[in-house]
Amino acid sequence: MPDCCGIAHIIYLIEDYGDNEQLGLPLDSLQRALANARIQSDGIQVVRCDNHYRSMCYLAGVSGVLQQLYLHIETVW
């Protein structure tokens, strides 16, 4: 799947929210979807964070890595 859309690395970020009661979907359905994504999706990394703070820390880390990776690449607009 990632090859057809041109995206090499896809990250699916799951953030737990308290007791997960106010989700809009049944928790069992979401957990099945998460398991399916982990098993069936080549090229998709599933990351699960305990709370909002840990999600922001993860995203800040990814942002820093991307900045260093593309620091010396000149963009053409």
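This structure is a prediction, so every number in the text was calculated from the model and none was measured.

Moving on, we get to the overall build of the chain. Assigned secondary structure in the chain consists of 3 helices and 2 strands. Going residue by residue from the N terminus, the α and β elements of the chain occur as α-β-α-β-α. Going through the 77 residues of the chain one by one, you find that 14% of them count as buried. Considering only contacts in the chain between residues 6 or more positions apart, those separated by 24 or more positions represent 70%. Accessible area for the chain stands at about 6600 Å²; split by element, carbon and sulfur atoms hold 56% of it.

So, on to the confidence of the model for the chain. Reading predicted coordinates in detail is not appropriate for stretches of low pLDDT. When pLDDT is averaged across the chain, the result is 80; 81% of the residues are at 70 or more. The secondary-structure element of the chain with the lowest mean pLDDT is helix α1 (residues 2-5), recorded at 54, while helix α3 (residues 52-69) shows the highest, at 93.

The subject of this paragraph is a nonpolar patch on the surface. Taken together, the side chains of L66, L69, Y70 and I73 define a hydrophobic patch exposed on the protein surface, amounting to about 410 Å² of accessible area. Secondary-structure assignment places L69 in helix α3. On the basis of relative accessibility, which here comes to 53%, the residue L69 falls in the exposed class.

All told, the structure shown has 1 salt bridge when counted by the stated rule. One salt bridge connects R54 with D50, and the closest N-O pair in it is separated by 3.9 Å. For R54, a relative accessible area of 47% translates into the label partly exposed.

Parameters at a glance
Residues numbered from 1 in each chain as written. Predicted model: local features only at pLDDT ≥ 70, side-chain atom pairs only at ≥ 80, totals over all residues. Heavy atoms only, no water. Helix = DSSP H or I, 4+ residues; strand = E, 2+ residues; numbered from the N terminus. Buried < 20%, exposed > 50% of the residue type's maximum accessible area, 1.4 Å probe, protein only. Contact = heavy atoms within 4.5 Å. Areas by Shrake-Rupley, 256 points an atom, 1.4 Å probe, with all protein chains shown as cover. pLDDT = per-residue confidence, 0-100. Patch = residues over 30% accessible without salt bridge, like charges linked within 9 Å, V, L, I, M, F, W, Y side chains within 5 Å. Salt bridge = Lys/Arg side-chain N within 4 Å of Asp/Glu carboxyl O.

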